[in-house]
Amino acid sequence: MYEVAVIEDPAAAEASLDPMRSKLLAELVEPGSATSLAAKVGLARQKVNYHLRTLEKHGLVELVEERRKGNVTERVMQATAASFVISPTALASVQPDPARSPDRLSARWLLAVAAQLVRDVGTLLTGAAKAQKRVATFAIDGEIRFASAADRAAFAEELANCVTSLVSKYHDEAAEGGRDHRLIVAVHPAVKKES
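Residues numbered from 1 in each chain as written. Predicted model: local features only at pLDDT ≥ 70, side-chain atom pairs only at ≥ 80, totals over all residues. Heavy atoms only, no water.

*Asks:* Where do I start with the sheet that holds strand E2 (residues 32-33) in this structure?
*Replies:* As a general point, the strands of a sheet are linked pairwise by backbone hydrogen bonds and lie either parallel or antiparallel. As summarised here, the arrangement of the three strands in space is E2-E4-E3, forming an open sheet in which the pairing is antiparallel. The sheet terminates laterally at E2 and strand E3 (61-69), the two strands that pair on one side only. Pairing of E3 with strand E4 (residues 72-79), which is carried by eight bridges, proceeds in the antiparallel orientation. Each bridged residue has a counterpart across the sheet, and for Val61 the counterpart in E4 is Ala79. (Pairing = 2+ DSSP bridges. Helix = DSSP H or I, 4+ residues; strand = E, 2+ residues; numbered from the N terminus.)

*Asks:* Teacher, can you tell me more about unusual backbone geometry here?
*Replies:* Outside of glycine, negative phi angles account for most residues, and trans bonds account for most peptide bonds. Positive phi is not limited to glycine here, since Gln132 has a value of about 55 degrees. Within the element layout of this structure, Gln132 appears in the loop between helix H5 (107-131) and helix H6 (149-170).

*Asks:* It is not clear to me how the side chain of Ser33 should be interpreted in this structure. Could you clarify?
*Replies:* Secondary-structure assignment places Ser33 in strand E2. For Ser33, a relative accessible area of 6% puts it in the buried group. Of the polar contacts made by the side chain of Ser33, one reaches the side chain of Glu74; its length is 3.1 Å. Leave out the neighbours within four places in its chain, and Ser33 touches Glu74, Arg75 and Val76. (Buried < 20%, exposed > 50% of the residue type's maximum accessible area, 1.4 Å probe, protein only. Polar contact = N/O pair within 3.5 Å; in protein donor to acceptor, adjacent residues only side chain to side chain. Contact = heavy atoms within 4.5 Å.)

*Asks:* What is the right way to read the packing of helix H2 (residues 19-27) against helix H4 (residues 45-57) from this model?
*Replies:* The axes of two packed helices give the description: the angle between them and the distance between them. Remark: H2 packs on H4, axes separated minimally by 10 Å, with the N-to-C direction vectors making an angle of 80 degrees. One element, H2, and the other, H4, form an angle in the roughly perpendicular class. Contacts from Met20, Arg21, Leu24 and Leu25 of H2 reach H4 at Val48, Tyr50, His51, Thr54 and Leu55. Here the contact of H2 with H4 is composed, by residue class, of six nonpolar, two polar and one charged. (Axes fitted to C-alpha atoms, helices over the stretch in contact; angles between N-to-C directions. Parallel < 35°, antiparallel > 145°, perpendicular 65-115°, else oblique. Nonpolar A, V, L, I, M, F, W, Y, C, P; charged D, E, K, R; others polar.)

*Asks:* I would appreciate a short explanation of H5 in the present structure.
*Replies:* One turn of the α-helix equals 3.6 residues, which is why residues spaced by three or four share an orientation. Taking 1.5 Å of rise per residue, 25 residues should cover 36 Å, and H5 covers 36 Å from first to last C-alpha, within 8% of that figure. For H5, the set of buried residues is Ala112, Val113, Ala115, Gln116, Gly122 and Ala128. On its buried face, H5 sits against strand E1 (2-7). One side-chain oxygen at the N-terminal end of H5 lies 3.2 Å from the backbone nitrogen of Arg108; it belongs to Ser106. (Expected span 1.5 Å × (residues − 1).)

*Asks:* Is there a simple way to think about the pattern of salt bridges in this case?
*Replies:* In a structure, side chains of opposite charge can pair up when their charged atoms sit close to one another. Scanning all chains against the criterion turns up eight salt bridges. Across the pair Glu65 and Arg67 runs a salt bridge whose closest N-O atoms are separated by 3.6 Å. Judged by relative accessible area, which is 36%, Arg67 ranks as partly exposed. In this structure, Glu74 engages Arg67 in a salt bridge whose closest nitrogen and oxygen atoms are separated by 3.5 Å. Exposure remark for Glu74: the relative accessible area of 10% places this residue in the buried category. Each member of the salt-bridge network shares a partner with another, and the members are Glu65, Arg67, Lys69 and Glu74. (Salt bridge = Lys/Arg side-chain N within 4 Å of Asp/Glu carboxyl O.)

See below:
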């Protein structure tokens with residue numbers, strides 16, 4: 001089971017967004033059968049089976065084992081990931097395009113860039129899984145508290161200068177066998193989690 005998986009297929013996204021199927025996916029972080037899930041979610045076993053088959057058809061759950069119980073074979077299923085992210089690819093005709101109106105100070109542009117990040121990394125993960133390889137990535141996540149808006153602006157300017165300097169130092173347009181990488185740096189107000 002993956003920690004996070006990206007849903008790129010529109011039909012799989014639709015299947016995962018059904019409230020009952022979403023609940024079943026959450027329950028299936030641990031393996032379970034239609035019978036055990038029915039008691040947890042308050043549905044008849046047959047209805048749970050219907051939802052499980054739909055989720056299985058879209059690769060969101062997988063068969064872990066089959067158990068014989070009398071004349072019945074019980075299928076034990078598990079989610080293919082502990083959590084899922086829906087890629088903008090699933091909404092191809094309306095997915096955000098950061099190239100439409102680039103503005104490094106716009107929150108909407110930042111959202112479009114973040115959507116592009118989800119789309120690109122999802123595509124990389126899908127390709128890597130097929131090739132049975134890993135994707136080389138790096139991320140930094142942290143929080144910083146600014147004393148004032150002026151300090152935030154000064155930080156952003158200094159960060160931009162540092163990143164520009166690093167890019168100039170390491171970027172080699174003519175590197176034979178080199179591979180392009182995307183760099184995204186974002187600063188936005190932290191969202192406080194409710195307790």
